[in-house]
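Structure at a glance
Next come the chains, spelled out residue by residue.
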Amino acid sequence: MKDFVTNSLLEKSWKFRLLPEFYKPYMQNLFEFLQAEKSAGKVIYPPDSEIFYALNACPFEDVRVVILGQDPYHGAGQAHGLCFSVRRGVALPPSLKNIYKELQSDCGVAPALDGDLTSWANQGVLLLNTVLTVESGKPESHRGEGWEQFTDRILEALNSEREGLVFVLWGSNAQSKAGLIDGHRHLILKAPHPSPLSAYRGFFGCGHFSKINAWLKGHGSQPIVWSFPK
């Protein structure tokens, strides 16, 4: 994974800000952990080439909205580096189905037949998990191994260097990052996680998609087109 970064495969605006992190002890320990897991025969998602896909799909200067997830999907073929997203042809996970339900209720956007959210990323929506890898079949298995420190650095850079962003925090894990964000300079939206276990506690009806676009328009930015390409 270190080669992935040093060989310039990390998008240049992010590499400029994050390269020092890859030489810190916590990241060295994370690399060693991941290598040991693979050497032990464990299957890790997403593939190495897609671990930083959220950053590569949305350069630093293009970010307008941050949707913060927890860790990647842990089923075969699901995770591809964007939180809540799955590639075309992969069955929609329950949380994403609920996101689509809220989007339809809020903005009248019919649910997509596939779960690839790349079109959002290409418009400046950073779909970032706080933990970027997971062991197959074991949710949160890589929690506490170092990714949180790395993704905190991403949030800190966006908070300090950019103005007028929208940070969308669904669930307690994401909301624990609110202290990294200046709510006077950015919009912070909070709601329960879209998981079936919590969506009915306030995710449904939160109206976040329309609130995001109202904020963007109010700050001279184009709204996000939430509908999906045919």
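Look up: the structure comes first, before these words.
Residues numbered from 1 in each chain as written. Predicted model: local features only at pLDDT ≥ 70, side-chain atom pairs only at ≥ 80, totals over all residues. Heavy atoms only, no water.

Notes on the environment of glycine 179
Tracing the sequence through the fold places glycine 179 in the loop between α8 (172-175) and β6 (187-191). Separated by 23 residues in sequence, glycine 179 and glutamate 156 have C-alpha atoms that sit 9.9 Å apart. (Helix = DSSP H or I, 4+ residues; strand = E, 2+ residues; numbered from the N terminus.)

Considerations on the pattern of salt bridges
Tallied over the entire structure, the rule returns 13 salt bridges. The partner of lysine 24 in a salt bridge is glutamate 21, with the nearest N and O atoms 2.8 Å apart. For aspartate 114, the salt bridge identified is with arginine 88, shortest N-O distance 3.6 Å. Here the residue aspartate 114 occupies a position in the loop between α5 (94-107) and α6 (118-121), and arginine 88 occupies one in the loop between β2 (65-69) and α5, the gap between them amounting to 26 residues. (Salt bridge = Lys/Arg side-chain N within 4 Å of Asp/Glu carboxyl O.)

Remarks on the environment of glutamine 149
Tracing the backbone shows glutamine 149 in helix α7 (residues 147-161). Residue classification places glutamine 149 among the partly exposed positions, given a relative accessible area of 44%. Taking the C-alpha atoms as reference points, glutamine 149 and alanine 178, separated by 29 residues in sequence, lie 15 Å from one another. (Buried < 20%, exposed > 50% of the residue type's maximum accessible area, 1.4 Å probe, protein only.)

Some points on the layout of surface pockets
Approximately 540 Å³ is the volume found for the largest pocket. Looking at the largest pocket, it is lined by 30 residues, and the ones nearest its centre are Gln70, Asp71, Tyr73, Ser95 and His193. (1 Å grid on protein atoms, 1.4 Å probe; cavity = no way out; pocket = protein on both sides within 12 Å on 5 of 7 lines; lining within 4 Å. Points joined across faces, edges and corners; volume = space filled by probe spheres on them.)

Concerning the sheet that holds β6
Pairing is parallel across the open sheet formed by 4 strands, whose spatial order is β3-β2-β5-β6. Of all strands in the sheet, those with a lone pairing partner are β3 (125-129) and β6, marking the two edges. Ignoring strand direction, the axes of neighbouring strands in this sheet form an average angle of 20 degrees. Sheet topology places β2 next to strand β5 (residues 166-170); 4 bridges connect them, and they run parallel. In the sheet register, leucine 68 faces β5, and the bridge partner there is leucine 169. Helix-sheet contacts for α7 involve β2, β3 and β5, and the interaxial angle to β3 is about 150 degrees. (Pairing = 2+ DSSP bridges. Axes fitted to C-alpha atoms, helices over the stretch in contact; angles between N-to-C directions. Contact = heavy atoms within 4.5 Å.)

A word on the side chain of histidine 80
By the secondary structure assignment, histidine 80 is in the loop between β2 and α5. If we ignore the near neighbours within four places in the chain, the residues touching histidine 80 are Pro46, Glu50, Tyr53, Ser85, Val86, Arg87, Asp116 and Thr118.

Re the nonpolar core
Of all hydrophobic cores here, the largest spans 72 residues; its most connected members are Trp14, Trp120, Leu126, Trp147, Phe150 and Leu158. Excluding residues that lie within four positions of it along the chain, phenylalanine 150 makes contacts with Leu18, Glu21, Phe22, Tyr26, Met27, Phe52 and Leu132. (Core = buried A, V, L, I, M, F, W, Y, C linked by side-chain atoms within 4.5 Å.)

Fair warning: the whole summary comes from geometry, so function is off the table for now.
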